[in-house]
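For reference, the chains in residue letters:
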Amino acid sequence: MIIILTGAPGAGKGTQADLLADKLGFKKVSTGDALRRHIKEGTAVGKRAQSYMSEGKLVPDEVLLGILQSELESAQGKPVLLDGYPRNVAQAKALQEIVGPQGISGVFHLDLDKSLLVERISGRRTCINCGASYHLLTSPTKVEGFCDRCGSEVVQRPDDHEDKVRVRLEVYSKETSPILDFYKDLGLYHCIDGSQSTEKVYDSLAAQLRSLA
Ligand SMILES: [Zn+2]
């Protein structure tokens, strides 16, 4: 079984992917992580990727697909969860060719309003000393601006500033949202209300997964 978890930045994909791996035994496949591993281990495909990167070029889709294919082969019967791939319709089409018509069992979209995504990401704060994470609305520090654990200053990562978040969401909706229509046409699309609590989102995911089996 191969499933795809998708959603805008801030939708909670990472958390849900970890839960699916822990509780249901999914092997998480992230092309980014796999790419870093291949480069570190110096495999043939890793060396090819490295040669593009050292020239400051993007790693081409065909190299990423080669990596993806070897990850899928090494899953050894475990259910696979694709995290962060495909990112655009061209990659989604190429993926269909690798896995064949029966390959993808379902595509799960963690759906949230843009305003909520902005609120979730731009409210994140991190301690500059111990790295503890907080959120202005959902898990604020006891003393505003200072870490509960060590008393150091808590700050917002530059990437999480509201204007940067809006740009990231723009890129997502332009490049990645069209894959949702692609999978709707294939009858594989499932929508999950991502505004619910972590537990409720997980329960709806698990329930929809059971209905596939
Ligand atoms: Zn701290």
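Residues numbered from 1 in each chain as written. Predicted model: local features only at pLDDT ≥ 70, side-chain atom pairs only at ≥ 80, totals over all residues.

**A look at helix 2 (residues 31–41)**
Part 1: Those residues of helix 2 that sit buried are Thr31, Leu35 and His38. Across the axial projection of helix 2, the buried residues extend over an arc of 65°, all falling on one side. Turned more than 90 degrees away from the buried face of helix 2 sit Gly32, Lys40 and Glu41, all of them exposed.
Part 2: Where the residues of helix 2 are buried, they touch helix 3 (44–54) and helix 4 (61–73).
Part 3: Directly after helix 2, the chain includes glycine 42, whose backbone phi takes a positive value near 65°. (Buried ≥ 20, exposed ≤ 12 C-beta atoms within 10 Å, placed from the backbone. Helix = DSSP H or I, 4+ residues; strand = E, 2+ residues; numbered from the N terminus. Arc of directions from axis to C-beta. Contact = placed C-beta atoms within 7 Å.)

**Considering the environment of glutamine 69**
Part 1: Topologically, glutamine 69 is positioned in helix 4.
Part 2: Separated by 38 residues in sequence, glutamine 69 and valine 107 place their C-alpha atoms 18 Å apart.

**Brief notes about the packing of helix 6 (residues 114–122) against helix 7 (residues 162–176)**
Part 1: Between helix 6 and helix 7, the shortest axis-to-axis distance is 10 Å and the interhelical angle comes to 135°. Our classification of the angle between helix 6 and helix 7 gives oblique. In the packing of helix 6 onto helix 7, the handedness of the crossing is right-handed. Taking contact as the criterion, the partners of Lys114, Leu117, Val118, Ile121 and Ser122 in helix 6 are, on helix 7, Glu162, Val165, Arg166 and Leu169.
Part 2: Residue classes in the contact of helix 6 with helix 7 are distributed as five nonpolar, one polar and three charged. (Axes fitted to C-alpha atoms, helices over the stretch in contact; angles between N-to-C directions. Parallel < 35°, antiparallel > 145°, perpendicular 65-115°, else oblique. Left-handed = near helix turned anticlockwise from the far one by under 90°. Nonpolar A, V, L, I, M, F, W, Y, C, P; charged D, E, K, R; others polar.)

**Thoughts on the sheet that holds strand 2 (residues 27–29)**
Strand pairs in the sheet, formed through backbone hydrogen bonds, run parallel or antiparallel to each other.
Part 1: The five strands lie next to each other as 2-3-1-4-8, forming an open sheet whose pairing is parallel. The outermost strands of the open sheet, each flanked by one partner alone, are strand 2 and strand 8 (189–193). Ignoring strand direction, the axes of neighbouring strands in this sheet form an average angle of 25°.
Part 2: Where strand 2 lies against strand 3 (residues 80–83), three bridges are found, and the strand directions are parallel. If you follow lysine 28 over to strand 3, its bridge partner there is leucine 81. (Pairing = 2+ DSSP bridges.)

**Let's talk about the sheet that holds strand 7 (residues 154–155)**
Part 1: Overall, antiparallel pairing links the three strands, which are arranged 6-5-7 in an open sheet. Among the strands making up the open sheet, the edge pair consists of strand 6 (133–135) and strand 7.
Part 2: In the sheet, strand 5 (residues 124–127) pairs with strand 6 via three bridges, with the strands oriented antiparallel. Across the sheet, the residue bridging to arginine 124 is histidine 135, located in strand 6.

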